[in-house]
Amino acid sequence: MSNYIVLVKQVPDVTQITDNAFDPETGTLIRTRLASVINELDAQALAFANQMKRDSDDKNGEVICLTMGPPMAEEVLRYGLARCADRVVLLTDRALGGADTVATANPLAFAIRKIVKEIFKNNSDYYVVCGMQSVDGDTAQVPPQITEELGLACIAYVTGAEFRNGRFEFTRIISGGSQVVAAKELPAVITVAKFEYPLFATFVATRRANKAEIIRWASDDIKATHIGVKGSKTSVIRVFPPGKSTRKCRQVTDAKSLAELLVESFKSGNGGTDDTPQAQAARYTLPGRRAENFDRSFEATKKEIEDYKILADTVKKLGISKVSRIDDAVKEKILAAAGEHFHKRALEDMLNGLQLTEPGFSGEVWVVAEHGGGAVHPATFELIGKARELADSLETKVGVCLAGFNAEPMAKDLIAAGADGIYIIDDKLLGEFDPTAHRKAVADAISTYWPQIVLYAATPQGRMLAPMVSYRVGCGLTADCTGLDIRDSSRRGQIAILLQTRPALGGNVMATICTKNSKSQMATARPGVMKKLPPDNSRKGKIIKHKVRLCEADTGLEIIKTELGTGDVNFNAEVIISGGKGMQNRDNYERLVGLLCEGLSKKLDTQVEKGASRAAVEQGFAERAHQVGQTGTSVAPKLYIALGISGAIQHMIGVANTETIIAVNSDPNAPILKQCDYYIVGSVEDTVPQLVAALTTEN
């Protein structure tokens, strides 16, 4: 008899976000101005758990919904009761507020222990089922961190399950493909990436849900070790609306005009990409290396930079070159010059900060390498490029942690990409990616050498491994970063810290985050955002072999089948044409994408490659090798044409470095239309033949 604990979360309805939802002074989201709904992937997880119970024909198993939140979060639990939940638990306490992912996962894990003890009577035959991520956080960190706290196996990014020979076999997404796995033993944690069979509430079940008792626990009931703000390992420095898209987002009304723009864009390269702000900014310099003693131009916020500039300008006018010469009389003059910018207490903090010159963290800058089939994942090279920039600013070295079996031949390419040292963990049990074994190996290396920064790719593998490792070694982690910069927060006594900027709420806000209460700063970064360096085969580096004792008990999964994309695909082509779910079927995909590929290849005299969205691949329209996106291949052509692709964030991450993006979609509200350069609203069946005809017409 298997039981199911389904984690659900009440989130703001991000589809209703408008400018009115933000505080104009702070840029923060005012959640009370948005309706609250169940996190969509959690709703799918609930349906998934119900289907598992049905497939196993288990009449005695229970489905229990668990959530952590304010009292109003009981609404999401009644949603669960109206569908399939047998009982529900609300973990609510003011002390739990302001938590990051560590201080969210920890109380939830302790609540799960209490459910197992008091409701399941210590029966360990259960699954924890949850959505892959929530729309408000988008981190995907809580489930793996719960896994680590409970010491369970984690099967992430699950899209299907089959009950065979008395156990479940799960199909899950992996980088560049899919995999069928089973948990070696229960309990286990499952994160659901997609399940398209929703549950609906019946009248009878809704009445029962409205009358049902909700079990309520406070923090004292669960005795968790990481609670609220105090138990968090990261803190948000600021939240702000995202900058305006550099894409043109221009609608075109007819195929002839679109054809002309297509050719013009390809020839002129006038797409919407720009150098990232962090690439344009001046490189960080340690305080002790700066020309002026009062130079604090690398503070974490614009306000702090302005305040320190006022301070520097004032002491310069007074002829003061050392902090020690600032007495009470000088302080009064500084405060007079500052006006309302800062007051006495802030000035004292600033002066104390000026006396700090040593970095708050020490050690190398590391990248945890991702690889498969004897090849390094392209995102690893991008991270090494960023790590090189960060390490040079900090006057330290770049290390790469390479865990695998017979992986040493890859070290040469990693050194050529910018690494100074390769920390190799070689073991047969690391031959295929098992998160349980890999997290033990990588965590052991980190806790031995303690790099000051550790970067992972925000791929399916990295987003599963990084939270487990960070939780195991007691460090903060920020997910899906699009910006990584070294800055100071001198007033808070922090010098040369890593500022980690990431989108949240479906990209509707941006957050800048820093690590606290940790020996190392950790982040995952989106593929395609950072820039790899040109390989330098003349570079020399060290090979450090790190021994970790592993045994079969350190693995949590039985890998039954792995399917990776294969075939002759050239994603280095200057033009890529991708089809999505809107192509309707494989025949349409082959005919229409092929037709446009042929027409453009002749018109532009260049190679044109076929691509596909994840949905198109899963529908069988295209082979896995053609998948573009975060879980496929990140591309950067001169011209990218999306046919019938909605523009899910995972797909757009994979095409972010494209010069010009063109979309054809019948839905005028498709997200991709706000993330491309030119688009036409219309069916691909009508538009593509018209476009090809326009391309072949002699001018």
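Residues numbered from 1 in each chain as written. Predicted model: local features only at pLDDT ≥ 70, side-chain atom pairs only at ≥ 80, totals over all residues. Heavy atoms only, no water.

1. A word on the packing of aromatic side chains
To describe a pair of aromatic rings, one takes the distance between the centres and the angle between the planes. Summed over the entire model, instances satisfying the criterion amount to twelve aromatic pairs. Here a set of aromatic residues connected by ring pairs shows up, and it is made of Tyr4, Tyr127, Phe163, Phe168 and Phe170. Its end group placed over the ring of Tyr79, Arg83 keeps NZ or CZ at 3.7 Å from the ring centre. Arg238 extends its terminal NZ or CZ atom over the ring of Phe240, reaching a point 3.9 Å from the ring centre. (Phe/Tyr/Trp six-rings, centres within 6.5 Å; stacked < 30°, edge-to-face > 60°. Lys NZ or Arg CZ within 6 Å of the ring centre and 35° of its normal.)

2. Looking at the packing of helix α2 (residues 74-83) against helix α5 (residues 203-211)
Running from N to C, α2 and α5 cross one another at 140°; their axes reach a closest spacing of 7 Å. Classified by the interaxial angle, the pair formed by α2 and α5 is oblique. Viewed along their axes, α2 and α5 form a crossing whose handedness is right-handed. Where α2 approaches α5, its residues Arg78, Leu81 and Ala82 are matched on the opposing element by Ala205, Thr206, Arg208, Ala209, Asn210 and Lys211. Looking at the contact of α2 with α5 residue by residue, the class counts come to four nonpolar, two polar and three charged. (Axes fitted to C-alpha atoms, helices over the stretch in contact; angles between N-to-C directions. Helix = DSSP H or I, 4+ residues; strand = E, 2+ residues; numbered from the N terminus. Parallel < 35°, antiparallel > 145°, perpendicular 65-115°, else oblique. Left-handed = near helix turned anticlockwise from the far one by under 90°. Contact = heavy atoms within 4.5 Å. Nonpolar A, V, L, I, M, F, W, Y, C, P; charged D, E, K, R; others polar.)

3. Topic: the state of the cysteines
All chains considered together, the criterion is met by zero disulfides. Lacking any disulfide linkage, Cys401 is separated from the closest cysteine sulfur, that of Cys475, by 14 Å. (Disulfide = S-S within 2.5 Å.)

4. Observations concerning the pattern of salt bridges
Under the counting rule described, the total for this entry stands at 40 salt bridges. We note a salt bridge from Lys331 to Glu348, for which the minimum N-O separation is 3.0 Å. Separated by 17 residues along the polypeptide, Lys331 in helix α10 (residues 328-338) and Glu348 in helix α11 (residues 344-354) bring together distant segments of the chain. For Lys331, a relative accessible area of 15% puts it in the buried group. Look at Glu348 and you get partly exposed, because its relative accessible area is 26%. One salt bridge connects Arg614 with Glu618, and the closest N-O pair in it is separated by 3.4 Å. Within this pair, Arg614 and its partner Glu618 are both found in helix α17 (residues 614-618), separated by four residues, close to a single helical turn. (Salt bridge = Lys/Arg side-chain N within 4 Å of Asp/Glu carboxyl O. Buried < 20%, exposed > 50% of the residue type's maximum accessible area, 1.4 Å probe, protein only.)

5. Topic: the domain arrangement of the protein
Segmenting the protein into domains produces domain 1 (3-232), domain 2 (250-275 + 566-697), domain 3 (287-355) and domain 4 (365-551). Facing 34 residues of domain 1, the contacting portion of domain 4 comprises 30 residues. Regarding the contact of domain 1 and domain 4, the summed buried area is about 2400 Å², with carbon and sulfur atoms giving 53% of it. For domain 1, the biggest contributors to the area lost against domain 4 are Gln141, Glu148 and Ser175; these three give 24% of the whole. The interface formed by domain 1 and domain 4 includes two salt bridges. (Domains from an automatic or database assignment. Buried area = accessible area lost by both parts, 1.4 Å probe.)

6. A short note on the pairing of strand β21 (residues 483-489)
When you tally the buried positions in β21, you get seven out of seven residues, the bulk of the element. A two-sided burial pattern is seen for β21, the buried positions comprising Gly483, Asp485, Arg487 and Ser489 on one face and Leu484, Ile486 and Asp488 on the other. Bridge analysis of β21 against strand β22 (residues 494-504) gives six bridges, and the strand direction is antiparallel. For Ile486, the partnering residue across the bridge sits in β22 and is Leu498. Hairpin geometry of β21 and β22 is characterised by an intervening segment of four residues between the two adjacent antiparallel strands and by a positive phi of about 75° at Gly493. (Pairing = 2+ DSSP bridges.)

7. Observations regarding the environment of Thr687
With respect to the helices and strands, the residue Thr687 is situated in helix α19 (residues 684-696). Separated by 393 residues in sequence, Thr687 and Phe294 place their C-alpha atoms 61 Å apart. Not counting residues within four places of it along the chain, the set of residues in contact with Thr687 comprises Ala255, Val664, Ile680 and Gly682.

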